[in-house]
Amino acid sequence: ARISTLTMNVEKSSTKIQELETARDTLDKALKESRQSLSVKVKELSEMQLQYHTEKRRLDDELSAFRKANEMLNGKLKKEEGEKPILSQKIKSLEDTNLILTNTIPVKLEEIGK
């Protein structure tokens, strides 16, 4: 009876060991798949970070170029605004000269005609 009990206990233990080994193999396989999946995700993330940094650098360069262009245009605008009173004065002077000539020409033509 003792041998029979021991034999049954060995068979139960052997079955339990096989079940545990099967469970371990299943978990090992799942772990391997999870690691592979994680590796793929890490690679994808790395590629996305590279794309992000490349695009950020491009946009930063573009922004810098726009700022330089804006500064240049603001400088030109200030220069032109500074010249505006001078140009207005020249226009006024030319208009005055034109008015004088407009009034003088008929008189001179009349003098020439005499």
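For the structure itself, consult the block above.
Residues numbered from 1 in each chain as written. Predicted model: local features only at pLDDT ≥ 70, side-chain atom pairs only at ≥ 80, totals over all residues. Heavy atoms only, no water.

## A few points about the overall build of the protein chain
A count of helices and strands for the protein chain gives 1 helix and 0 strands. The C-alpha radius of gyration of the protein chain comes to 48 Å, more than 25% above the 13 Å expected for a compact globule of 114 residues. Along the three orthogonal principal directions, the C-alpha set of the protein chain runs to about 160 × 25 × 15 Å. Surface exposure of the protein chain reaches about 11,000 Å², of which carbon and sulfur atoms provide 60%. Put simply, the protein chain has 22 plus and 20 minus side-chain charges, and the middle of one group is 4 Å from the middle of the other. (Helix = DSSP H or I, 4+ residues; strand = E, 2+ residues; numbered from the N terminus. Rg over C-alpha atoms; globule rule 2.2 N^0.38 Å. Areas by Shrake-Rupley, 256 points an atom, 1.4 Å probe, with all protein chains shown as cover. Lys, Arg positive; Asp, Glu negative; His and termini not counted. Charge placed at Lys NZ, Arg CZ, Asp CG, Glu CD.)

## Comments concerning the pattern of salt bridges
Oppositely charged side chains can pair when the atoms bearing their charge come close. Here the structure, examined in full by the defined rule, presents 7 salt bridges. Residues Asp96 and Lys92 are paired through a salt bridge, measuring 3.1 Å at the closest nitrogen-oxygen approach. Of the two residues, Asp96 and Lys92 are both situated in helix α1 (residues 2-113); the distance of 4 residues between them amounts to about one turn of the helix. Since its relative accessible area comes to 35%, Asp96 is described here as partly exposed. Here Lys108 makes a salt bridge to Glu111, at a shortest N to O gap of 3.9 Å. Within this pair, Lys108 and its partner Glu111 are both found in helix α1, separated by 3 residues, close to a single helical turn. Residues participating in the shared-partner salt-bridge network are Glu55, Arg58 and Glu62. (Salt bridge = Lys/Arg side-chain N within 4 Å of Asp/Glu carboxyl O. Buried < 20%, exposed > 50% of the residue type's maximum accessible area, 1.4 Å probe, protein only.)

## Some thoughts on α1
Owing to its 3.6 residues per turn, the α-helix aligns residues three or four sequence positions apart on the same side. With 112 residues, α1 ought to run about 166 Å at 1.5 Å a step, and its terminal C-alpha atoms sit 157 Å apart, in line with that. Considering bend angle alone, the principal kink of α1 is centred on Lys84 and spans about 35 degrees; proline Pro85 follows within four residues of it. (Expected span 1.5 Å × (residues − 1). Bend = angle between axes of the 7 residues up to and from the residue.)

## Considerations on a nonpolar patch on the surface
A cluster of nonpolar side chains, Leu101, Ile105, Leu109 and Ile112, forms an exposed patch at the surface whose accessible area comes to about 420 Å². Within the secondary structure, Leu109 sits in helix α1. When its relative accessible area of 55% is taken as the criterion, Leu109 is described as exposed. (Patch = residues over 30% accessible without salt bridge, like charges linked within 9 Å, V, L, I, M, F, W, Y side chains within 5 Å.)

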